Amino acid sequence: MVKLLIKNIKEVEEAARQQVEELIRSKVEFYENLFKKYDKDLTLEVIFDKSSSLYKVSASIDLKSKKVLLAEENKEVLKAVTTLFNEFKKAVKRQYELERKDYEYKRKR
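Residues numbered from 1 in each chain as written. Predicted model: local features only at pLDDT ≥ 70, side-chain atom pairs only at ≥ 80, totals over all residues. Heavy atoms only, no water.

1. Side note on the sheet that holds strand S3 (residues 54-62)
Part 1 of the reasoning: On the basis of which strands lie adjacent, the open sheet formed by four strands has the order S1-S2-S3-S4 and mixed pairing. Looking at the sheet topology across the chains shown, the edges are occupied by strand S1 (2-7) and strand S4 (67-74). The average angle at which neighbouring strand axes cross in this sheet is 15 degrees, direction not considered.
Part 2 of the reasoning: For strand S2 (residues 42-51) and S3, the ladder comprises eight bridges, and the chain directions are antiparallel. Counted as the bridge partner of Leu 44 is Ile 61 from S3.
Part 3 of the reasoning: Seen against the sheet, helix H2 (residues 77-100) touches S2, S3 and S4 and runs at an angle of roughly 155 degrees to S4. (Pairing = 2+ DSSP bridges. Helix = DSSP H or I, 4+ residues; strand = E, 2+ residues; numbered from the N terminus. Axes fitted to C-alpha atoms, helices over the stretch in contact; angles between N-to-C directions. Contact = heavy atoms within 4.5 Å.)

2. Here we look at the side chain of Ser 60
Part 1 of the reasoning: Take Ser 60: it is sitting in strand S3.
Part 2 of the reasoning: Excluding residues within four positions of it along the chain, Ser 60 makes contact with Thr 43, Leu 44, Glu 45, Lys 67, Val 68, Leu 69 and Phe 88.

3. Observations concerning the nonpolar core
Part 1 of the reasoning: One finds Ile 24, Phe 35, Leu 44 and Phe 48 to be the most contacted residues of the largest nonpolar core, which totals 30 residues.
Part 2 of the reasoning: Contributions of two or more residues to this core are made by S1, helix H1 (14-34), S2, S3 and H2.
Part 3 of the reasoning: It is H2 that provides the largest number of residues to this core, a total of nine residues.
Part 4 of the reasoning: Those residues within four positions of Leu 44 in sequence are excluded, and the remaining contacts are Val 2, Lys 3, Leu 4, Leu 5, Val 28, Tyr 31, Ser 60, Ile 61, Phe 85 and Phe 88. (Core = buried A, V, L, I, M, F, W, Y, C linked by side-chain atoms within 4.5 Å. Buried < 20%, exposed > 50% of the residue type's maximum accessible area, 1.4 Å probe, protein only.)

4. Focus on H2
Spacing of three or four residues puts side chains on the same side of an α-helix, whose turn is 3.6 residues.
Part 1 of the reasoning: Taking 1.5 Å per residue, 24 residues should reach 34 Å; H2 reaches 34 Å between its end C-alpha atoms and fits that length.
Part 2 of the reasoning: Where H2 is concerned, the buried positions are Val 77, Ala 80, Val 81, Leu 84, Phe 85, Phe 88, Ala 91, Val 92, Gln 95 and Tyr 96.
Part 3 of the reasoning: Of the surrounding elements, those touching the buried residues of H2 are H1, S2, S3 and S4.
Part 4 of the reasoning: Taken from the residues just after H2, Lys 101 is the one with a positive phi, measuring 60 degrees. (Expected span 1.5 Å × (residues − 1).)

5. Here's the deal with the side chain of Gln 95
Part 1 of the reasoning: Examined against the element boundaries, Gln 95 turns out to sit in helix H2.
Part 2 of the reasoning: When sequence neighbours within four positions are dropped, the list of residues in contact with Gln 95 reads Leu 63, Ser 65, Lys 66 and Val 68.

Okay, here's the thing in structure tokens:
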């Protein structure tokens, strides 16, 4: 089970806040499917930080072997979230495959 924690959402402008939350919740469905049979309960943290006109969005998830943490900066919050989750998806899948040792499995022909 993947639990979602969104921190500092109030830093996002009121107009875009609803869209950002919906986008994040739609992305979390992928992680729930990926970690259906995972032993550990996971927490996906998304943290927002705004300094002047730049948004910094970071996401982290603590797997058994290692904590995966990525951050993205952009002037537009929706672009930052989308780019972050695209890269985060790749990093989490790579780490999960390493844990499962998928790279060692070879099919017999």
